[in-house]
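Here is how the chains run, residue by residue.
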Amino acid sequence: MSLDTLQSVLGLCALISYGVLMLWFGVFVLAREPLQRLHGRWFRLSSTQFDALHYGAMAAYKLLVLVFNLVPWLALQLLAD
């Protein structure tokens, strides 16, 4: 696999991953109550715990996308110049 191909793949993965994050945030904001009821059937979570869990998970997901997609993409961008 060439560096150009790897760079393109990492960029596309970053875009898709941030799209998933935006979708997750949108569902969380627009359909929070139904989402909480759905999860409430399986787990005993207070409203505060539910919010904290999603906030922490979104932060971890965003950090993983940054470390494994954006930083390598940026490094390849700098090498290409």
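What counts and how
Residues numbered from 1 in each chain as written. Predicted model: local features only at pLDDT ≥ 70, side-chain atom pairs only at ≥ 80, totals over all residues. Heavy atoms only, no water. Patch = residues over 30% accessible without salt bridge, like charges linked within 9 Å, V, L, I, M, F, W, Y side chains within 5 Å. Areas by Shrake-Rupley, 256 points an atom, 1.4 Å probe, with all protein chains shown as cover. Salt bridge = Lys/Arg side-chain N within 4 Å of Asp/Glu carboxyl O. Helix = DSSP H or I, 4+ residues; strand = E, 2+ residues; numbered from the N terminus. Core = buried A, V, L, I, M, F, W, Y, C linked by side-chain atoms within 4.5 Å. Buried < 20%, exposed > 50% of the residue type's maximum accessible area, 1.4 Å probe, protein only. Phe/Tyr/Trp six-rings, centres within 6.5 Å; stacked < 30°, edge-to-face > 60°. Axes fitted to C-alpha atoms, helices over the stretch in contact; angles between N-to-C directions. Parallel < 35°, antiparallel > 145°, perpendicular 65-115°, else oblique. Contact = heavy atoms within 4.5 Å. Expected span 1.5 Å × (residues − 1).

**What about a nonpolar patch on the surface?**
So, step 1. The grouping of Leu63, Leu64, Leu66, Val67, Phe68 and Val71 at the surface amounts to a nonpolar patch, some 560 Å² of accessible area in total.
So, step 2. Following the sequence through the fold, Leu63 ends up in helix α3 (residues 47–80).

**A closer look at the nonpolar core**
So, step 1. The biggest cluster of nonpolar side chains holds five residues, and these are Leu21, Phe28, Leu35, Phe50 and Met58.
So, step 2. Looking at this core, the elements that each hand over two or more residues are α1 (3–30) and α3.

**Notes on the packing of aromatic side chains**
So, step 1. Evaluation of the coordinates by the stated rule reveals two aromatic pairs.
So, step 2. Centroid distance Trp24 to Tyr61: 6.2 Å. Interplanar angle 70°. Geometry classified as edge-to-face. Of this pair, Trp24 sits in helix α1 while Tyr61 is found in helix α3, placing the two residues 37 residues apart along the sequence.
So, step 3. Assessed through its relative accessible area of 26%, Tyr61 is described here as partly exposed.

**As for the pattern of salt bridges**
So, step 1. Per the counting criterion, the structure on display carries two salt bridges.
So, step 2. Across the salt bridge formed by Arg32 and Glu33, the nearest N and O atoms sit 3.0 Å from each other.
So, step 3. Under the relative-accessibility criterion, Arg32 is labelled buried at 17%.
So, step 4. For Asp51, the salt bridge is made with Arg32, and the minimal N-O distance between the two is 2.8 Å. One end of the pair, Asp51, is in helix α3; the other, Arg32, is in helix α2 (residues 32–42), with 19 residues separating them in the sequence.

**As for the packing of α2 against α3**
So, step 1. Where α2 meets α3, the axes come as close as 11 Å, and the angle between the chain directions of the two elements is 100°. Here α3 runs roughly perpendicular to α2, going by the angle between their axes. Contacts between α2 and α3 involve Arg32, Leu35, Gln36 and His39 from the former and Ser47, Phe50, Asp51 and His54 from the latter.

**Description of the environment of Val9**
So, step 1. Tracing the backbone through its elements, the reader meets Val9 in helix α1.
So, step 2. On a C-alpha basis, the gap between Val9 and Asn69 in space is 9.1 Å, while along the polypeptide they are 60 residues apart.

**A few points about the side chain of His54**
So, step 1. By the secondary structure assignment, His54 is in helix α3.
So, step 2. Given a relative accessible area of 10%, His54 falls into the buried group.
So, step 3. Once residues within four sequence positions are removed from consideration, His54 is found in contact with Trp24, Phe28, Leu35 and His39.

**Some thoughts on α3**
So, step 1. With 34 residues, α3 extends 48 Å between its outermost C-alpha atoms, agreeing within 8% with the 50 Å of an ideal straight helix rising 1.5 Å per residue.
So, step 2. Among all positions in α3, only Phe50, His54, Met58, Val65, Asn69 and Leu76 are buried.
So, step 3. Taken together, the buried residues of α3 touch α1 and α2.

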